[in-house]
Amino acid sequence: MIGYLNLILRLVIWFLLTANFTWPNIIIGVVIALLLPHSHKVRGSLQDWLRALWETLVAIPQAYMEAVEIIFRPHNFEEVTMEHVPENRPPALVFLDIFIITFTPKSIVLKYHEEDGGYEVHWVRRRKKV
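*Asks:* What exactly am I supposed to notice about unusual backbone geometry here?
*Replies:* Leaving glycine aside, a negative phi is the common case for residues, and trans is the common case for peptide bonds. Although it is not a glycine, Ala19 adopts a positive phi angle of roughly 55 degrees. When you line up the elements, Ala19 lands in the loop between helix H1 (2–18) and helix H2 (23–35). Residue class for Ala19 comes out exposed when judged on its relative accessible area of 61%.

See below:
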């Protein structure tokens, strides 16, 4: 089951990159998704995948709200924090986590610290935290 989710993720990324839904492009995308190396050592649970899917769906309206907020109420303060990553996270879910954080206009992942198990995230804030 998880292998199918990984394949679907690769196809979605392919379609986002190409923006082409013709039959030859779909076939090329499937072939590339199947030929890319797979990591069979660490697999995420279905619950982790469903949580990541939910966070992705929530990030879309959140990104629009943050963009409008930045337009009308400028954010002048910046902050860099370390966000924790669950242990034994599969690479596909790490990618989704980084995508979700970077998708929103107020935050971007600067670096993924594999040995420390965290993301270095740059935030744009309206005011400093007290």
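After that view of the structure, there is still more to cover.
*Asks:* What exactly am I supposed to notice about the environment of Glu66 here?
*Replies:* Relative to the assigned elements, Glu66 resides in helix H3 (residues 46–72). For Glu66, a relative accessible area of 10% puts it in the buried group. Separated by ten residues in the primary sequence, Glu66 and Thr56 have C-alpha atoms spaced 15 Å apart. In contact with Glu66, not counting residues within four places along its chain, are Thr104, Pro105 and Lys106.

Criteria and thresholds
Residues numbered from 1 in each chain as written. Predicted model: local features only at pLDDT ≥ 70, side-chain atom pairs only at ≥ 80, totals over all residues. Heavy atoms only, no water. Helix = DSSP H or I, 4+ residues; strand = E, 2+ residues; numbered from the N terminus. Buried < 20%, exposed > 50% of the residue type's maximum accessible area, 1.4 Å probe, protein only. Contact = heavy atoms within 4.5 Å.

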